[in-house]
Amino acid sequence: MTDTLALPTGPLAEASLRLARESESAAIADHSVRSFLFARLLAEQDGSVHDAAYDEDLLFAACVLHDLGLGSLAAGESRFEVEGADLAAAVLTEHGVAAADVDRVWEAIALHSSLGIADRRGLLTSLTHQGVFIDAGSFTGLAAALREQVYAGYPRPDGERWIEDAIVEHAARSAAAAPPYSLGAELLRQRRGGA
């Protein structure tokens, strides 16, 4: 097993982390790092780190960049998942990542909030989705002791609304940012008191 808090290194990993830290709030950037750490722990736990489809560099990029759509680079012209996927694809392309792998990361990010879909779209998308939702508190597929190691290194902010607030803020930017039945539209509707 790897050191629980160790992060990948190299130009793509460093550029991905830098972009997340520069364009997202500290709370969201740390959520993205925790999502990766949880996803990697899941892969170690279920043995998929030995699967031919497992690529830690792509997993890191997908997790660390999954909320770029909630950062300052997002135009607010489509749902945050898609804007984040588009921004991440540009970063990977700039770093010479093969088009097929760029597409895999795009899909993992675009579907990261899609319950019932993401876990059926391959290892990268499934691990990204599960890592995100372990940090959100929706999945508990890891031992509490492992989760606590991650939280010790990257503490969660107090309260649960920091991510919801960012999604609602993005959704409120345009009708295209909150299409009907999307997560952003639903959270915005709830926030505005709609039935």
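Whatever comes next refers back to the structure up there.
Overview of the structure. Note on numbering: residues in each chain are counted from 1, in written sequence order. Since the coordinates come from a predicted model, pLDDT governs what is reported: local features require at least 70, and pairs of side-chain atoms require 80 or more to be given and counted, while whole-chain, interface and lining totals use all residues. Side-chain measures were taken over the full set of non-hydrogen atoms in the model, leaving aside hydrogen atoms and water.

Some details on helix α1 (residues 11-23)
Inclusion rule: Helical segments are the DSSP runs of H or I of at least four residues, strand segments are the runs of E of at least two, and each set is numbered from the N terminus. What a helix should span is 1.5 Å times the count of its residues minus one. Summary of the burial criterion: residues with accessible area below 20% of their type's maximum are buried, those above 50% are exposed, and those between are partly exposed, where the area comes from a 1.4 Å probe applied to protein chains only. Whether two residues are in contact is decided by their heavy atoms: any pair within 4.5 Å suffices.
An ideal rise of 1.5 Å per residue puts 18 Å on 13 residues; α1 measures up with 18 Å between its terminal C-alpha atoms. Residues L12, A13, A15, S16, L19, A20 and S23 constitute the buried set of α1. Contacts made by the buried residues of α1 are with α2 (26-46), α3 (56-64) and α4 (80-94).

Remarks on the nonpolar core
In plain terms, the rule: Take the buried residues of types Ala, Val, Leu, Ile, Met, Phe, Trp, Tyr and Cys, join any two whose side-chain atoms come within 4.5 Å, and each joined set is a nonpolar core.
Judged by nonpolar contacts, the single largest core of 41 residues is most densely connected at L59, L65 and L92. Taken together, the elements giving at least two residues each to this core come down to α1, α2, α3, α4, α5 (99-110), α6 (123-135) and α7 (144-153). With eight residues, α2 is the largest single contributor of residues to this core. Sequence-distant contacts of L59, that is, excluding residues within four places in its chain, are made with F36, A39, R40, Y54, L124, L127 and T128. Counting 12 residues, the second largest nonpolar core, distinct from the first, contains I28, I167, A171 and A178.

What about the pattern of salt bridges?
Formally: Here a salt bridge means any side-chain nitrogen of Lys or Arg lying within 4 Å of a carboxyl oxygen belonging to Asp or Glu.
Counted by the stated rule, this structure contains 12 salt bridges. Across the pair R40 and E56 runs a salt bridge whose closest N-O atoms are separated by 3.5 Å. Taken together, the residues R40 in helix α2 and E56 in helix α3 connect sequence positions 16 residues apart. With its nearest N and O atoms 3.8 Å apart, the salt bridge here joins E164 to R161. With a gap of three residues between them, E164 and R161 both fall in helix α8 (residues 161-171), about one helical turn apart. Owing to a relative accessible area of 24%, E164 belongs among the partly exposed residues under this scheme.

A closer look at the packing of α3 against α6
As a reminder of what qualifies: An axis is simply a line fitted to the C-alpha atoms; with a helix, the fit covers only the stretch in contact. Between two such axes, the angle follows the N-to-C directions and lies from 0 to 180 degrees. Convention used here: angles under 35 degrees read as roughly parallel, angles over 145 as roughly antiparallel, angles from 65 to 115 as roughly perpendicular, and any remaining angle as oblique. Two helices that cross are described as forming a left-handed crossing if the nearer one is turned anticlockwise from the farther one by less than a right angle, and a right-handed crossing if clockwise. Any residue that is not Ala, Val, Leu, Ile, Met, Phe, Trp, Tyr, Cys, Pro, Asp, Glu, Lys or Arg is counted as polar, Gly included; the first ten are nonpolar and the last four charged.
Close contact between α3 and α6 brings their axes to 10 Å; oriented N to C, the two are set at 45°. Relative to α6, the element α3 is oriented oblique. The handedness of the crossing between α3 and α6 is right-handed. Counted together, L58, L59, A62 and C63 of α3 and L124, L127 and T128 of α6 form the full contact between these two elements. Grouping the amino acids of the contact of α3 with α6 by side-chain chemistry returns six nonpolar, one polar and no charged.

So, the packing of aromatic side chains
Formally: What counts as a ring pair is set by centres within 6.5 Å for rings of Phe, Tyr and Trp (its six-membered ring), and what kind of pair is set by the plane angle: stacked under 30 degrees, edge-to-face over 60, tilted for all other angles.
Evaluated as defined, the whole model comprises two aromatic pairs. Relative to F60, the ring of F36 has its centre 5.0 Å away and its plane inclined at 85°; by these criteria the two rings are edge-to-face. With F36 in helix α2 and F60 in helix α3, this pair connects stretches of sequence that are 24 residues apart. Neither residue differs from the other here; F36 and F60 are each classed as buried. Note on F38 and Y151: the rings are 5.4 Å apart at their centroids and 70° apart in plane angle, and the pair reads as edge-to-face.

Some points on the packing of α3 against α5
Interaxial distance between α3 and α5 falls to 9 Å at its minimum, and their mutual angle equals 40°. If you check the angle between α3 and α5, you find them oblique. Relative to α5, the crossing made by α3 is right-handed. Here L58, A61 and A62 of α3 come into contact with α5, specifically with D101, R104, V105, A108 and I109. Counted by class, the contact of α3 with α5 contains six nonpolar, no polar and two charged residues.

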